[in-house]
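As a plain string of letters, each chain reads:
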Amino acid sequence: MRPNIILLVALITVSAGVLAAGCVTPGENVTQPTTAPAATATPAITETATPLETATSPATEMTTAETPSTTTPAATTTTPAATTTTPAATTTTPAATTTTPAATTTTPAATTTTPAAAGGTATVDLSAKNIAFNKSTITVPAGADVTVNFDNEDDGIPHNFAVYTDSSATDTIFSGETITGPDTTTYTFTAPSDPGTYYFRCDVHPEQMNGDFVVQ
């Protein structure tokens, strides 16, 4: 594009020189054609301005063409997967412990006095304390003469010793005198001649104080 401009300027320069040479005639005043060439110079300025303006457009087109394209990469967002770990619930149930106390039963020792021969004698030591006899079984020979040494240790409480055919206490074999403790007494009686199991008790407290009277 620049060579065209140079060529155009050279062409205008030559044309101006030719016009200037043609307007000067021998013998004439050389100052007369001054106005004419000046008027002719106007198209030259106009012609020169046009190519200059035209030259600007290709430059603009070149700028537009040479503008590099900008590519914006797509934004990529990676969201990590949320991981939730729930610990397993552990329940510990303590073992139930049950302690059962051992039952304690106290059985009064049975004291048996057996004479050497049947129909002889028998001696029994019997006591009462806390509304209870110290013996649950008394054993004597059949038909023996029985002596009971009775000790009432309950202060202010009356007790006695009695023997019956059975627990109904309907038929009496022997019924001793009631004494109020603390006191002692001796009971004597003859045992049944028929072997078997009979019944003895305290007549004042028959439910709490009783036992088996065994005749052999």
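Further up the page is the structure itself.
Just so it is clear, the structure is predicted and the values come from calculations on it, not from any experiment. (Residues numbered from 1 in each chain as written. Predicted model: local features only at pLDDT ≥ 70, side-chain atom pairs only at ≥ 80, totals over all residues. Heavy atoms only, no water.)

A.B. asks: Looking at this structure, how should I read the pairing of strand 10 (residues 196-201)?
C.D. replies: Successive side chains on a regular strand alternate, one facing one side of the sheet and the next facing the other. Summarising the sheet, strand 6 (residues 162-164) and strand 10 pair through three bridges and their orientation is antiparallel. Residue pairing across strands places tyrosine 164 opposite tyrosine 199, the latter belonging to strand 10. Examined bridge by bridge, strand 10 and strand 11 (residues 210-215) share six bridges and lie antiparallel to one another. Along strand 11, the bridge assignment pairs tyrosine 198 with phenylalanine 213. (Pairing = 2+ DSSP bridges. Helix = DSSP H or I, 4+ residues; strand = E, 2+ residues; numbered from the N terminus.)

A.B. asks: Please explain the sheet that holds strand 4 (residues 145-152) as it appears in this structure.
C.D. replies: Whenever strands of a sheet pair, they do so through backbone hydrogen bonds, lying parallel or antiparallel. Judged by pairing direction, the sheet is mixed, and its three strands sit side by side in the order 2-4-9 without closing on themselves. In this open sheet, the two edge strands, each paired with only one partner strand, are strand 2 (121-128) and strand 9 (183-190). Averaged over all pairs of adjacent strands, the angle between strand axes in this sheet comes to 15°, irrespective of strand direction. (Axes fitted to C-alpha atoms, helices over the stretch in contact; angles between N-to-C directions.)

A.B. asks: Looking at this structure, how should I read unusual backbone geometry?
C.D. replies: Trans peptide bonds make up the majority, and among non-glycine residues the majority have a negative phi. Of note, the amide linkage connecting glycine 181 to proline 182 takes the cis form, showing an omega dihedral of -5°. Turning to its location among the elements, proline 182 is positioned in the loop between strand 8 (179-180) and strand 9. Non-glycine residue asparagine 130 carries a positive phi angle of around 55°. Here asparagine 130 shows up in the loop between strand 2 and strand 3 (137-140).

A.B. asks: Quick question: what am I supposed to make of the nonpolar core here?
C.D. replies: Side chains of a nonpolar character, in soluble globular proteins, are inclined to be buried together. Judged by nonpolar contacts, the single largest core of 24 residues is most densely connected at Phe133, Val140, Val146, Val148, Phe161, Phe189 and Phe213. Listed by contribution, the elements that provide at least two residues to this core are strand 2, strand 3, strand 4, strand 9, strand 10 and strand 11. In terms of residue count, strand 2 provides more of this core than any other element does, four residues in total. Not counting residues up to four positions away in its chain, the partners in contact with phenylalanine 161 are Leu126, Ile138, Val148, Phe174, Ser175, Gly176, Tyr187, Phe189, Phe200 and Arg201. (Core = buried A, V, L, I, M, F, W, Y, C linked by side-chain atoms within 4.5 Å. Buried < 20%, exposed > 50% of the residue type's maximum accessible area, 1.4 Å probe, protein only. Contact = heavy atoms within 4.5 Å.)

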